Amino acid sequence: MDKVIYMDNNATTRVADEVIEEMLPFMGEFYGNPSSMHTFGGQVAGRIARARGQVASLLGCLPEEILFTSCGTESDNAAIKGTLATHPNRRKIVTTRVEHPAVLATCRELERHGYSVSEVGVDKDGNLDVDELGFRIDDNTAIVSVMWANNETGVVFPVERIAGIVRARGAVFHTDAVQAVGKLPIDLRRSNIDLLSLSGHKLHAPKGVGVLYVRKGTRLATFMHGGHQESGRRGGTENVPGIIAIGRACELAQEHMDEEDTRVRALRDRLQAKILATCPDCIINGDTANRLPNTFNVSFEYIEGEAILLMLNKYGICASSGSACTSGSLEPSHVLRAMGVPFTAAHGSIRFSLSRYNTREEVDFVAEKLPGIVNRLREMSPFVTG
Ligand code: PLP
């Protein structure tokens, strides 16, 4: 394949050159163990401390409130299970039907262990009924977990408002901010959020590193017993290059936040507008006024998202579909189903997620190729008549 046009940044991102440059010495000459007494190891500990500060600065919190993990999934698991373990008299979790499996599958597993889980639905635009969520929180609720931004549609939830409601009801509030960090401004100092998850590989750092923000004073059980690393909450020798990388990536995210909101948003809007203008019978899934700047999810009626993806792939264009191919049958996305998107439209959904590395030429190339692909597939579709 000659050239890749990568528009699948909610799945993973390219590691920024500046990030690679910063982490490489820690895969080579600076191989010391940060827990060692000697200066050689100590200098690595110093760099980890700096990375912690870089992450804290992006989130507007204290460095000691940052715990390094291996990924967003681990952070989500630790937040939920770690809170339940410290609140033994509360047996309920409140969450939403559109969370990532990192939260939903965790909650469903806990349900099998006797916890009760209340999943709040969304409306046709993917927005949450915050009052309904508030009603579900009772004296038995240990934790409320609501994502900041949806990975499939980009729809943003009012987590700061929700955090205030949860705080007033005496429960702990966790947000999966894996898709929000680096794309939306976050200031935890001015919020009631207790726990927040993020993932390195969604913000131009490598795979294998994540973060859990734990507000000072929040009770959270140790999630990896072992050494004293990460204030004794997560034992195990640190992923030093990954931590250095996520620190630098957070610094870069801060520098590029305005670009995300203007240039990337303009590219996203350009592609979306061109598709809507040239492809009949397609609809945008999710509230277009309340979305991440880089994401859009579009349904092409009468055709399969996977078929579109395969044809895009021939041109080197990378995107995602809203279905997951499981056990031979195509399951429409749980997010689109929760929004009540009709079966045929859910099956024909594609997610484009851009980044600061995309160009206007790439957008125009995709917009030029897509109508032909859609027409060809519709000609073959058994659902199109006349
Ligand atoms: N939460 C959300 C919203 C995500 O989009 C993802 C990844 O797609 C995750 C959690 C899981 O993150 P990781 O791949 O780092 O485990």
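To start, this report covers the structure provided alongside it.

What counts and what doesn't
- Residues numbered from 1 in each chain as written.
- Predicted model: local features only at pLDDT ≥ 70, side-chain atom pairs only at ≥ 80, totals over all residues.
- Heavy atoms only, no water.
- Patch = residues over 30% accessible without salt bridge, like charges linked within 9 Å, V, L, I, M, F, W, Y side chains within 5 Å.
- Areas by Shrake-Rupley, 256 points an atom, 1.4 Å probe, with all protein chains shown as cover.
- Salt bridge = Lys/Arg side-chain N within 4 Å of Asp/Glu carboxyl O.
- Buried < 20%, exposed > 50% of the residue type's maximum accessible area, 1.4 Å probe, protein only.
- Axes fitted to C-alpha atoms, helices over the stretch in contact; angles between N-to-C directions.
- Helix = DSSP H or I, 4+ residues; strand = E, 2+ residues; numbered from the N terminus.
- Parallel < 35°, antiparallel > 145°, perpendicular 65-115°, else oblique.
- Left-handed = near helix turned anticlockwise from the far one by under 90°.
- Contact = heavy atoms within 4.5 Å.
- Pairing = 2+ DSSP bridges.
- Phe/Tyr/Trp six-rings, centres within 6.5 Å; stacked < 30°, edge-to-face > 60°.
- Lys NZ or Arg CZ within 6 Å of the ring centre and 35° of its normal.
- Near = heavy atom within 4 Å.
- Polar contact = N/O pair within 3.5 Å; in protein donor to acceptor, adjacent residues only side chain to side chain.
- 1 Å grid on protein atoms, 1.4 Å probe; cavity = no way out; pocket = protein on both sides within 12 Å on 5 of 7 lines; lining within 4 Å.
- Sits in = over half its atoms within 2 Å of the grid points.
- Nonpolar A, V, L, I, M, F, W, Y, C, P; charged D, E, K, R; others polar.
- Core = buried A, V, L, I, M, F, W, Y, C linked by side-chain atoms within 4.5 Å.
- Expected span 1.5 Å × (residues − 1).
- Bend = angle between axes of the 7 residues up to and from the residue.

1. Focus on a nonpolar patch on the surface
Consideration 1: On the surface, I20, L24 and M27 cluster together into a nonpolar patch covering about 290 Å² of accessible area.
Consideration 2: When its relative accessible area of 33% is taken as the criterion, I20 is described as partly exposed.

2. Notes on the packing of helix α7 (residues 240-278) against helix α11 (residues 360-380)
Between two packed helices, the angle of one axis relative to the other and the distance separating the axes together describe the packing.
Consideration 1: Direction vectors running N to C along α7 and α11 enclose 15 degrees, while the axes themselves pass 10 Å from each other. Overall, the two elements α7 and α11 adopt an arrangement that is roughly parallel. Note that α7 runs across α11; the crossing there is right-handed. Across from L267, R270, L271, K274, I275 and T278 in α7, the residues of α11 making contact are R360, V363, D364, V366, A367, L370 and P371.

3. What to know about the sheet that holds strand β7 (residues 195-199)
Consideration 1: Strands sit in the order β2-β8-β7-β6-β5-β3-β4 across an open sheet of seven strands; the sheet is mixed. Of all the strands in the sheet, the pair left with one neighbour each is β2 (66-69) and β4 (116-120). Within this sheet the neighbouring strands show an average axis-to-axis angle of 20 degrees, counted without direction.
Consideration 2: By the bridge criterion, four bridges tie β2 to strand β8 (residues 210-214) in an arrangement that is antiparallel. If you follow T69 over to β8, its bridge partner there is G210.
Consideration 3: Contacts between helix α2 (residues 39-59) and the sheet are confined to β2, β7 and β8, with β2 contributing the most and set at about 115 degrees to the helix.

4. Looking at the packing of aromatic side chains
Consideration 1: Per the stated rule, a full pass over the model turns up four aromatic pairs.
Consideration 2: With a centroid separation of 4.9 Å and 70 degrees between ring planes, the pair formed by Y31 and F40 is classed as edge-to-face.
Consideration 3: Over the ring of Y357 we find R14, and its NZ or CZ is 4.4 Å from the ring centre.
Consideration 4: Sitting over the ring of Y115, R91 keeps its end group 4.1 Å from the ring centre.

5. Side note on the site of the ligand
Consideration 1: Taken together, 13 residues sit near the ligand, with T73, D176, Q179, S199 and K202 positioned nearest.
Consideration 2: Contact between the ligand and H100: an oxygen atom at 3.3 Å from a side-chain N or O atom of the residue.
Consideration 3: A distance of 2.6 Å separates a nitrogen atom of the ligand from a polar atom in the side chain of D176.
Consideration 4: Relative to its unbound accessible surface of 390 Å², the ligand loses 88% to contact with the protein.
Consideration 5: Judged by the fraction of its atoms near the pocket grid, the ligand is located in the largest pocket.
Consideration 6: Residue composition of the shell around the ligand, grouped by class: three nonpolar, seven polar and three charged.

6. Considerations on the nonpolar core
Consideration 1: The biggest cluster of nonpolar side chains holds 68 residues, and the ones touching the most others in it are L59, W148 and L196.
Consideration 2: F300, I303, A319 and I350 belong to the second largest nonpolar core, which has 28 residues in total.

7. Considering the pattern of salt bridges
Consideration 1: Inspection of the entire model under this criterion finds 23 salt bridges.
Consideration 2: Note that D8 is salt-bridged to R351, the shortest N-O span being 3.1 Å. Taken together, the residues D8 in the loop between β1 (5-6) and α1 (17-23) and R351 in strand β15 (residues 349-353) connect sequence positions 343 residues apart. For the pair D8 and R351, one class covers both residues: buried.
Consideration 3: With its nearest N and O atoms 2.7 Å apart, the salt bridge here joins R248 to E251. One end of the pair is R248 and the other is E251, both in helix α7 and three residues apart, which spans about a single turn.
Consideration 4: Owing to a relative accessible area of 25%, E251 belongs among the partly exposed residues under this scheme.
Consideration 5: Residues joined by salt bridges that share partners form a network here, namely E22, R47, R50, R248 and E251.

8. Observations concerning α7
Consideration 1: Taking 1.5 Å per residue as the helical rise, α7 with its 39 residues ought to reach 57 Å, whereas the 48 Å between its terminal C-alpha atoms falls clearly short.
Consideration 2: Where α7 bends most, at H256, the angle is about 55 degrees.
Consideration 3: In this structure N239 caps α7, since a side-chain oxygen of it lies 3.0 Å from the backbone nitrogen of G242.

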